[in-house]
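Breakdown of the fold
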Amino acid sequence: MEEMAAAGERHAAGRGEGAGAPAAAGPPGAGGLGFYEALPVETQFARLADPAVYHPLPADWTIGLADIERSTDAIAEGRYKAVNTVAAAVIAAVANRLPGHDFPFVFAGDGASFALPPAAAALGREALAAVAGWAREAFGFRLRIAAVTVAEIRRRGHDVAVARFAASRDVAYAMFSGGGLAFAETRMKAGEFTLEAADPETARPDLAGLSCRFSPIAARHGVILSLIALPAAGADPERFAALAAEILGLAAAEVPDAGRPVPSEGPPQHWPTRGLAIEARAAAARTGRPLWRSFLSVALRSFLAHLTFVSRLKVGDFEPVRYRSELVRNTDFRKFDDGLRMTLDCTPEVADRLEARLAAAEREGIAHAGLHRQDAALLTCFVPAASRSDHVHFVDGAMGGYAAAAATAFAKRR
């Protein structure tokens, strides 16, 4: 169902075969990524609540950030697929410039962040500028973009540390702590560290492998809960870590598969897909073709892929049954990004208990939290090579998701 047309074009960046394979010699700009690729890979998500498992990023690395302005308005207009696609495009644009290499990134629903070594910093800025220009041209979104060094973040009293978590044996996602990303995002929104969008006629992002072909995933247990918990100013890191572990424990104990919103058989699929026009815009960004030609090309490819999944027949190296099982394992439904973010499929009663515990943590001065309930989840996918197992899938709530939860959480931090 996903980007079969890109199969074999390039290896997926941000992952590694076996979630920790040695990286191949890469393109200019890949130098320095060995620091991240050599980090140990955690296999138990609950351990990531412990600050001791994180490793300080080198001071000369650069943090790149992007955030869609007025994203909650766009979501209220029903444009949530477009919002998620633009956020994931930031990651895809960088990854396609670093084929075969792992780099730290995080998807935030209406934005994204990443970190790159000095040799790749210019590449990251170019990718940000190109995506911002495309987002404005294709969707009318104003994408805030910024870049700042880790050294500058530390000079301002914050830190950036990173860990790797194996969502499956094939995919490892980056987790961040130290408050530096949250600080940088806040300052970006205040006008610091900002970059200018590129002219989409002269700088096009390479978004090969980016797609949004799956239908919304209905809640099986009653609620899709978007949850964000951020440390309160001055909070004891150990108390916040204990809170995060408690929240994870509640989810793991009371809902199947720790609340993963993607069912074991994979997400629903239909043709034509709701995201057809959005994917066509992503394809046009890379090729420069007229939108109508990209639409026809994407429609044909997605139809053939749909037939492959319906028939469950192997096509070349692509095995649809294997792919769907890998997709379920590879999703990023929980993460640490200077706080805890989760998209859970749970009962209303579990959602009530989580909300009550976080409200108590706010009264205790441990955390600020935002929760948003909806009845479905969305997948946005980055699959540069469908025949490989290291495809990544970003999960968000379908009717507000992380953007709505973050609006509540960040409002409480002011």
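On a predicted model such as this, the values are computed, not experimentally measured, just so you know.

In this section: the environment of Leu 243. Along the chain, Leu 243 falls in helix α7 (residues 237–254). In this structure Leu 243 comes out as buried when scored by relative accessible area, which is 3%. In this structure Leu 243 touches Arg 357, Leu 358, Ala 361, Ile 366 and Ala 367, once residues within four positions along its chain are discounted.

Formed by 126 residues in total, the largest nonpolar core has its most connected members in Ile 63, Phe 103, Trp 134, Leu 143, Phe 336 and Leu 340. No other element matches helix α3 (residues 80–95), which puts 13 residues into this core. Once you skip the residues sitting within four places of it in the chain, Leu 143 turns out to touch Ala 66, Asp 67, Ile 68, Val 86, Val 90, Val 131, Ala 132 and Ala 135. Counting residues in hydrophobic clusters, the runner-up holds 6 residues, among them Tyr 402, Ala 405, Ala 406 and Ala 409.

What follows concerns the sheet that holds strand β12 (residues 334–336). Read across the open sheet, the 4 strands follow the order β12-β13-β11-β14; overall the sheet is antiparallel. Since the sheet does not close on itself, it has two edges, and those belong to β12 and β14 (367–374), each with one partner. Each strand of the sheet is rotated relative to its neighbour by a mean of 15°, with strand direction disregarded. As paired elements, strand β11 (residues 223–231) and β14 share 8 bridges and run antiparallel to each other. Residue pairing across strands places Ala 229 opposite Ala 369, the latter belonging to β14. Packed on one face of the sheet, α7 meets β11, β12, β13 (340–346) and β14 and runs near 15° to β13.

Taken residue by residue, the protein gives an average pLDDT of 86. The fraction at 70 or more is 89%. This stretch, residues 1–25, has a pLDDT under 50; its non-local contacts, to residues over four places away or in other chains, come to 97 contacts.

Once that is clear, we can look at the packing of aromatic side chains. By the definition in use, this model includes 9 aromatic pairs. When the ring of Phe 45 is compared with that of Phe 165, the centres are 5.1 Å apart and the planes differ by 75°; the resulting orientation is edge-to-face. Placement of the pair is Phe 45 in the loop between β1 (41–42) and β2 (55–56) and Phe 165 in strand β7 (residues 161–166), with a sequence separation of 120 residues. There is no split in this pair, since Phe 45 and Phe 165 are both buried.

Another point: the pairing of strand β6 (residues 143–149). Of all 7 residues making up β6, 6 are buried, and the element is well covered by its neighbours. Examined bridge by bridge, strand β3 (residues 62–68) and β6 share 7 bridges and lie antiparallel to one another. Each bridged residue has a counterpart across the sheet, and for Ala 66 the counterpart in β6 is Ile 145.

Our focus in this paragraph is the side chain of Lys 335. Inspection of the secondary structure puts Lys 335 in strand β12. Overall, the relative accessible area of 2% leaves Lys 335 in the buried class. If sequence neighbours within four positions are ignored, Lys 335 has contacts with Phe 45, Val 106, Phe 107, Met 175, Leu 340, Arg 341 and Tyr 402.

What counts and what doesn't
- Residues numbered from 1 in each chain as written.
- Predicted model: local features only at pLDDT ≥ 70, side-chain atom pairs only at ≥ 80, totals over all residues.
- Heavy atoms only, no water.
- Helix = DSSP H or I, 4+ residues; strand = E, 2+ residues; numbered from the N terminus.
- Buried < 20%, exposed > 50% of the residue type's maximum accessible area, 1.4 Å probe, protein only.
- Contact = heavy atoms within 4.5 Å.
- Core = buried A, V, L, I, M, F, W, Y, C linked by side-chain atoms within 4.5 Å.
- Pairing = 2+ DSSP bridges.
- Axes fitted to C-alpha atoms, helices over the stretch in contact; angles between N-to-C directions.
- pLDDT = per-residue confidence, 0-100.
- Phe/Tyr/Trp six-rings, centres within 6.5 Å; stacked < 30°, edge-to-face > 60°.

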